Amino acid sequence: MTDSSAASAPLPLVRSARVHPPRHLADLTVEQRRELAVSLGEPAFRADQISRHYFARHLCADDAEAMTDLPVASRSGLVEALLPVLLTPVNVMSCDGGDTRKTLWRAFDGVLIESVLMRYPDRSTVCVSSQAGCGMGCPFCATGQGGLTRNLSTAEIVDQVVAAARTLVRGELAGGPTRLSNVVFMGMGEPLANYATVIAALRILSGPAPVGLGLSARSITVSTVGLVPAIRRLAGTGLPVTLAVSLHAPDDELRDRLVPVNRRWPVAEVLAAAWEYAEVTGRRVSIEYALIDDVNDQPERADALAGLLAGRLAHVNLIPLNPTRAVSWRASERGREREFVRRLRRRGIAATVRDTRGRDIAAACGQLAADGSDRSDSAAG
């Protein structure tokens, strides 16, 4: 558990003195990319060509020879300037019959992060990280147990998504070639604690080529433990992404323990901001709730949660707790899980239990640690 003094301490900040990742086209506006191309003695439209290769064809620096519309004499210089290598795969692990793949990435400075790609019958989703580690300190989350190392850059976030799209298009996941349909910011880190960078990534992911990847903003979900000012700022961006609030308890006494930032923004304030978001965007809010045996799964807490959500534009996503090394808690028994769902639905609250994916390779919700200890025969060099 996190004690009260730690829970009420200021949120960790990343020091600005650190060395920044190499500049990548995903960090730049279209005009800035063109200016960079001109500074290299090339026509401005060369930047658009490389952007299309990256966003529409999902090519990276290793695929430079496939960019045949670029002059051979200019190709390497343009690729080096606009597509520097940001993330290198260290280990790749698969489970769920090959439908789930977790990749451990090493950034330019040696920092490790993870992303998870999941294929379902009707969609393909990538869960991306927005920070290396996390400073929110939720005791049941492996990422939070490790603390925060640094924020990721816009391009480091986008590159995880482009890599997932590349994997799917090339048929490297079970089931043959397909397209990426959904992105969830539910990997390592608190997305809204890296606000400006995440917003820039959202605009690129939803912008058409050569601006960006061309995904629908409505197919992107941003999860937060409840940073109230940032939720309100997100509502004003005009980006109709789905907001997911990691609530995990309906009362402040318990949520102070499970989600320490609750001491700064309690349940009532978090939900008020969520309802404002729903009103401004017209988008249903997802309420994330990890069911922990005999901790937050009591019938009275189901009733209390239903009371908070009744009549609101919300959906409850119940998550069976996934095991992590640092805590002995376990998922709720199936009978208590069913009763929790029944009590919510009785009050007219839409509620579903998440299909747990990736647990066998520590890729499920709350398990991402990026400690480099994973081993698999499918490890990438």
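What you are looking at is a predicted structure, and each value in this text was computed from that prediction instead of being measured. Once a new chain begins, its residue numbering starts again from 1 and follows that chain's sequence as written. With pLDDT at 70 or above as the cut-off, local features in this predicted model cover only qualifying residues; side-chain atom pairs require 80 or more to be listed or tallied, and sums for whole chains, interfaces and linings still use all residues. Computation of side-chain values covers all heavy atoms of the structure but excludes hydrogens and water.

### Things to note about the overall build of the protein chain
Part 1 of the argument: Along the backbone of the protein chain there are 12 helices and 12 strands.
Part 2 of the argument: The cut-offs for exposure are 20% and 50% of the maximum accessible area for each residue type, with area from a 1.4 Å probe on protein chains only; residues under the lower value are buried, those over the upper are exposed, and the others partly exposed. Each of the 381 residues in the protein chain was classed as buried or not, and the buried ones make up 55%.
Part 3 of the argument: Summarising the internal contacts of the protein chain: among those between residues at least 6 apart in sequence, 69% fall at separations of at least 24. Working definition: helices are DSSP H or I runs of at least four residues, strands are E runs of at least two. Numbering for both runs from the N terminus. Here, residues are in contact when the closest pair of their heavy atoms is within 4.5 Å.

### Focus on the confidence of the model for the protein chain
Part 1 of the argument: The quantity called pLDDT is the predictor's confidence in a given residue, expressed from 0 to 100. Confidence in the prediction for the protein chain averages 90 pLDDT; 89% of positions are at 70 or higher.
Part 2 of the argument: Residue range residues 1-17 is modelled with pLDDT below 50. Its contacts to residues more than four positions away, or to other chains, number 23 contacts.
Part 3 of the argument: In this model, residues 374-381 is a region of pLDDT below 50 whose contacts with residues beyond four sequence positions or in other chains number 20 contacts.

### Topic: the environment of Val90
Part 1 of the argument: Along the chain, the position of Val90 falls in strand S1 (residues 87-95).
Part 2 of the argument: With 23 residues separating them along the chain, Val90 and Ile113 place their C-alpha atoms 9.9 Å apart.

### Comments concerning helix H12 (residues 334-346)
Part 1 of the argument: Multiplying 1.5 Å by the residue count of a helix minus one yields the expected span of that helix. Relative to the 18 Å expected for 13 residues at 1.5 Å per residue, H12 spans 18 Å between its end C-alpha atoms, a close match to the ideal helical length.
Part 2 of the argument: Listing the buried residues of H12 in full gives Glu337, Phe340, Val341, Arg343 and Leu344. Buried positions in H12, seen along its axis, are confined to an arc of 160° and lie on one side of it. H12 presents Arg334, Arg338 and Arg346 as exposed residues on the side facing more than 90 degrees away from its buried surface. Comment: arc refers to directions from the helix axis out to C-beta atoms.

### Side note on the pattern of salt bridges
Part 1 of the argument: We define a salt bridge as a contact between a side-chain nitrogen of Lys or Arg and a carboxyl oxygen of Asp or Glu at a distance within 4 Å. A complete count under the given rule lists 18 salt bridges for this structure.
Part 2 of the argument: We note a salt bridge from Asp63 to Arg170, for which the minimum N-O separation is 3.2 Å. Placement of Asp63 in the loop between helix H3 (45-55) and helix H4 (72-82) and of Arg170 in the loop between helix H6 (154-169) and strand S7 (182-185) is noted, with a sequence separation of 107 residues between them.
Part 3 of the argument: Note on Asp63: relative accessible area 16%, which makes it buried.

### Brief notes about the nonpolar core
Part 1 of the argument: Within the largest apolar cluster, 107 residues are counted, with the highest numbers of intra-cluster contacts made by Val183, Phe185, Leu202 and Val316.
Part 2 of the argument: Per-element accounting of this core gives the leading share, nine residues, to H6.
Part 3 of the argument: Every residue in contact with Val316, bar those within four places of it in the chain, is listed here: Ile287, Tyr289, Leu305, Leu309, Leu344, Ile349, Ala350, Ala351 and Thr352.
Part 4 of the argument: Core analysis: the second largest hydrophobic core is formed by five residues, Val116, Met118, Tyr120 and Val184 among them. To define a nonpolar core, start from buried Ala, Val, Leu, Ile, Met, Phe, Trp, Tyr and Cys residues and group those joined through side-chain atoms within 4.5 Å.

### Regarding the environment of Asn194
Part 1 of the argument: As for its position among the elements, Asn194 is in the loop between S7 and helix H7 (195-206).
Part 2 of the argument: Relative accessible area serves as the criterion here: at 5%, Asn194 is assigned to the buried category.
Part 3 of the argument: The sequence separation of Asn194 and Asn151 amounts to 43 residues, and the corresponding C-alpha distance is 6.3 Å.
Part 4 of the argument: Aside from chain neighbours lying at most four places away, what touches Asn194 is Ser130, Gln131, Asn151, Leu152 and Ile157.

### Some points on the side chain of His58
Part 1 of the argument: With respect to the helices and strands, His58 occurs in the loop between H3 and H4.
Part 2 of the argument: Classification of His58 as buried rests on a relative accessible area of 7%.
Part 3 of the argument: Once residues within four sequence positions are removed from consideration, His58 is found in contact with His53, Asp63, Val162, Ala165, Arg166, Val169, Arg170 and Leu213.

### What to know about the pairing of strand S4 (residues 124-127)
Part 1 of the argument: The side-chain alternation of S4 yields two buried faces, one formed by Ser124 and Val126 and the other by Thr125 and Cys127.
Part 2 of the argument: When DSSP finds at least two bridges between two strands, those strands are taken to pair. Of the pairings in the sheet, the one linking strand S3 (residues 112-119) to S4 comprises four bridges and is antiparallel in character. Looking at the pairing, Met118 lines up with Thr125 of S4.
Part 3 of the argument: In sequence, S3 turns back onto S4 through a hairpin of four residues.
Part 4 of the argument: Pairing of S4 with S7, which is carried by three bridges, proceeds in the parallel orientation. Of the residues in S7, the one forming a bridge with Val126 is Val183.

### Overview of the packing of helix H8 (residues 228-235) against helix H10 (residues 267-281)
Two packed helices can be described by the angle between their axes and the distance between those axes.
Part 1 of the argument: Angles here are taken between N-to-C directions and fall from 0 to 180 degrees, while the axes themselves are lines fitted to C-alpha atoms, restricted in helices to the stretch in contact. Interhelical geometry of H8 versus H10 gives an angle of 5° and a closest axis separation of 9 Å. As far as their axial angle goes, H10 and H8 are roughly parallel. Packed against H8, whose contacting residues are Val228, Ile231, Arg232, Leu234 and Ala235, the element H10 presents Glu269, Val270, Ala273, Ala274, Glu276, Tyr277, Val280 and Thr281 at the interface.
Part 2 of the argument: When its residues are assigned to classes, the contact of H8 with H10 shows nine nonpolar, one polar and three charged. Angles below 35 degrees are treated as roughly parallel, those above 145 as roughly antiparallel, those between 65 and 115 as roughly perpendicular, and all remaining angles as oblique. In this count, Pro and Cys sit with the nonpolar residues alongside Ala, Val, Leu, Ile, Met, Phe, Trp and Tyr, while Asp, Glu, Lys and Arg are called charged and the others, Gly among them, polar.

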